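Single-letter residue listing:
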Amino acid sequence: MALNTSADAPLPVGEVSRLIGGWIDRLGAVWVEGQITQLSRRPGAGVVFLTLRDPSYDISVSVTCYRQVFEAVADVVSEGARVVVLAKPEWYAPRGQLSLRATEIKPVGVGELLARLEQLKKSLASEGLFAADRKKALPFLPQLIGLVCGRASAAERDVLENARHRWPAVRFEVRNVPVQGVHAVPQVVQAVKELDALDTVDVIIVARGGGSVEDLLPFSDEQLVRAVAACRTPVVSAIGHEPDNPLLDFVADLRASTPTDAAKKVVPDVGEEYERVRFLRDRARRSVQSFIDREERGLAHALARPSIEDPHRMVDERADQVAALLDRGRRTLGHLFDRADSELTHTRARVVALSPAATLQRGYAVLQKADGHVVRDPDEVAAGEALRARVAEGEFTVRVDA
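Residues numbered from 1 in each chain as written. Predicted model: local features only at pLDDT ≥ 70, side-chain atom pairs only at ≥ 80, totals over all residues. Heavy atoms only, no water.

**Re the overall build of the protein chain**
Part 1 of the argument: The number of helices and strands found in the protein chain is 12 helices and 13 strands.
Part 2 of the argument: Within the protein chain, buried positions represent 31% of all 402 residues.
Part 3 of the argument: Residue pairs in contact within the protein chain that sit at least 24 positions apart in sequence constitute 60% of those at least 6 positions apart.
Part 4 of the argument: Looking at the protein chain as shown, the accessible area adds up to about 25,300 Å², and 55% of this sits on carbon and sulfur atoms.
Part 5 of the argument: In the protein chain, the 53 positive side-chain charges and the 57 negative ones have mean positions that sit 2 Å from each other. (Helix = DSSP H or I, 4+ residues; strand = E, 2+ residues; numbered from the N terminus. Buried < 20%, exposed > 50% of the residue type's maximum accessible area, 1.4 Å probe, protein only. Contact = heavy atoms within 4.5 Å. Areas by Shrake-Rupley, 256 points an atom, 1.4 Å probe, with all protein chains shown as cover. Lys, Arg positive; Asp, Glu negative; His and termini not counted. Charge placed at Lys NZ, Arg CZ, Asp CG, Glu CD.)

**Observations concerning the environment of Y57**
Part 1 of the argument: Tracing the backbone shows Y57 in the loop between β2 (47-54) and β3 (59-66).
Part 2 of the argument: On a C-alpha basis, the gap between Y57 and S78 in space is 21 Å, while along the polypeptide they are 21 residues apart.

**Observations regarding unusual backbone geometry**
Part 1 of the argument: In this structure, A152 is a non-glycine residue whose phi angle is positive, near 55°.
Part 2 of the argument: Along the chain, A152 falls in the loop between β6 (144-149) and α4 (154-166).

**What about the sheet that holds strand β11 (residues 366-368)?**
Whenever strands of a sheet pair, they do so through backbone hydrogen bonds, lying parallel or antiparallel.
Part 1 of the argument: Strands sit in the order β11-β12-β13 across an open sheet of three strands; the sheet is antiparallel. A strand with exactly one partner marks an edge of an open sheet, and here the two such strands are β11 and β13 (394-399). Pairwise comparison of adjacent strand axes, ignoring direction, gives a mean angle of 30° for this sheet.
Part 2 of the argument: As paired strands, β11 and strand β12 (residues 386-391) are joined by three bridges and run antiparallel to one another. Its bridge partner lying in β12, Q368 is registered against R388. (Pairing = 2+ DSSP bridges. Axes fitted to C-alpha atoms, helices over the stretch in contact; angles between N-to-C directions.)

**Points about the packing of helix α5 (residues 184-197) against helix α6 (residues 222-229)**
Two quantities define a packed helix pair, namely the angle between the helix axes and the distance between the axes.
Part 1 of the argument: Their axes nearest at 9 Å, the elements α5 and α6 cross at an angle of 5°. When the interaxial angle is binned, α5 and α6 end up roughly parallel. Judged by residue contacts, V185, V188, V189 and K193 of α5 engage Q223, L224 and A227 from α6.
Part 2 of the argument: Of the residues that constitute the contact of α5 with α6, the class distribution is five nonpolar, one polar and one charged. (Parallel < 35°, antiparallel > 145°, perpendicular 65-115°, else oblique. Nonpolar A, V, L, I, M, F, W, Y, C, P; charged D, E, K, R; others polar.)

**Observations regarding the pattern of salt bridges**
Note on pairing: side chains with opposite charge can pair once their charged atoms come close.
Part 1 of the argument: Considering all chains together, one arrives at 20 salt bridges under this definition.
Part 2 of the argument: Among the salt bridges present, the one from E71 reaches R41, with a minimum N-O distance of 3.0 Å. Pair noted here: E71 is in helix α2 (residues 67-71) and R41 is in the loop between β1 (30-40) and β2, with a separation of 30 residues, a long-range link.
Part 3 of the argument: Since its relative accessible area comes to 36%, R41 is described here as partly exposed.
Part 4 of the argument: Put simply, E90 and R101 hold a salt bridge, and the shortest N to O gap is 3.4 Å. Of this pair, E90 sits in strand β4 (residues 82-92) while R101 sits in strand β5 (residues 97-107), placing them 11 residues apart in sequence.
Part 5 of the argument: The partly exposed category is assigned to E90, whose relative accessible area is 28%. (Salt bridge = Lys/Arg side-chain N within 4 Å of Asp/Glu carboxyl O.)

**Quick word on the nonpolar core**
Part 1 of the argument: In this structure, V148, V206, F219 and V251 are the most contacted members of the largest nonpolar core, which totals 30 residues.
Part 2 of the argument: The set of elements that each furnish at least two residues to this core consists of α3 (110-126), β6, α5, β8 (203-208), α6, β9 (235-239) and α7 (247-251).
Part 3 of the argument: Ranked by residue count, the leading element in this core is α5, at six residues.
Part 4 of the argument: Here V206 is in contact with V148, V192, F219, V235, V236, S237, A238, I239 and L248, once residues within four sequence places are set aside. (Core = buried A, V, L, I, M, F, W, Y, C linked by side-chain atoms within 4.5 Å.)

**With respect to the packing of α4 against helix α8 (residues 259-266)**
Part 1 of the argument: Relative orientation of the contacting elements α4 and α8 amounts to 30°, with a least axis distance of 8 Å. One finds that α4 runs roughly parallel with respect to α8. The chirality of how α4 crosses α8 is right-handed. Contact with α4, carried on its side by A155, D158, V159, N162, A163 and R166, involves P259, T260, A263 and K264 of α8 and no other residues of that element.
Part 2 of the argument: Looking at the contact of α4 with α8, its residues break down into five nonpolar, two polar and three charged. (Left-handed = near helix turned anticlockwise from the far one by under 90°.)

**What to know about the sheet that holds β6**
Part 1 of the argument: Here we have five strands laid out as an open sheet, ordered β7-β6-β8-β9-β10, and parallel in their pairing. Each edge of the open sheet carries a strand with a single partner, namely β7 (171-176) and β10 (254-255).
Part 2 of the argument: Lying on the sheet, α5 is in contact with β6, β7 and β8; it crosses β6 at an angle near 175°.
Part 3 of the argument: Sitting on the sheet, α8 touches β6, β8, β9 and β10, and the angle it makes with β8 is about 165°.

**Regarding the packing of aromatic side chains**
Part 1 of the argument: Tallying each qualifying case throughout the model produces one aromatic pair.
Part 2 of the argument: For the ring pair F130 and F250, a centre distance of 5.7 Å and an interplane angle of 35° mean the geometry is tilted. Of the two residues, F130 sits in the loop between α3 and β6 while F250 sits in helix α7, which places them 120 residues apart along the sequence.
Part 3 of the argument: Its end group placed over the ring of Y66, R101 keeps NZ or CZ at 5.0 Å from the ring centre. (Phe/Tyr/Trp six-rings, centres within 6.5 Å; stacked < 30°, edge-to-face > 60°. Lys NZ or Arg CZ within 6 Å of the ring centre and 35° of its normal.)

**Regarding a nonpolar patch on the surface**
Part 1 of the argument: Among the surface-exposed residues, L3, L11 and V16 lie close enough to one another that they form a single nonpolar patch of about 220 Å² accessible area.
Part 2 of the argument: By the secondary structure assignment, V16 is in helix α1 (residues 13-25).
Part 3 of the argument: Under the relative-accessibility criterion, V16 is labelled partly exposed at 35%. (Patch = residues over 30% accessible without salt bridge, like charges linked within 9 Å, V, L, I, M, F, W, Y side chains within 5 Å.)

As structure tokens, this is what we get:
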């Protein structure tokens, strides 16, 4: 509606409402799915008033229909039921309200719901939200557990009592929310996000007891599945409904068959852990004792060997042999010394006998000229030349006579 308006030339409220109604009247009929949250059937009235709500997005719209339209499904439709209606949008100008005028109402059967859930399951699985490699491991001993459940429900009691019975020191951060109906999905999603934002929460349990397929529909809602997939904290699904698995079971990091089973899987049993520690301690003690015994036997075997029992025995056995070899070595070395001494004496006697000094001892003399040259030929000296004569006991000067 492109209108020329201004602060000086505004449109009256009635005109605006009339224009909106004219635009809405041009819209055609549409099929709408939702959950009935309010149902008003006044006795004698020809019109039935309904409120349809989208549980995933917390949005409602009013629906009216003629009594005969609703009477066709009155036996199978009540508050909380999911229905599909063929309706045309209507604008009630006096109050400025939008509603839907239904001309046909069809209940959504369980089979159809299950078929839709299977289609949604395949779609989410193709995105990898159910893949095993994206699932996070639970901590061995969580200090603080986040619990999303109904207020004063059996599921809450089962989780708290069983967990504290197994490990008395465990603590819980509980968020009580509706676990069925039109308000369940947004509040469960909000509770999961709140607990995931707390750094102190180690694991989150979403718990509910059994119920029909319709009662468990909030736990197959796409919005809840994506919220759990985005959590950084491990999430445990504890929806106690064995025949059918809500989609929360597939996206959660761990599935428990019941809230009691969730407590057993999340919290270790202090008695079992004590027994495990005792068993491991005894096993370690036996292993150490076995190692010591084995080493002691090995040491005793080594000490029993003759070389260890009498370490000097080998030395004593070789002592005579060493003494004989030592004596033999001494005798051989003595013989070598004696032979060398005899040879040295003979060589010395020959050297002495052949030495010039021995010759001089026998009365010979050596004549040398002034320059030290030894005179060997008479022609080498001249008359009157002074020579030096060396004898055994010294030397003296002589002169050559003509």
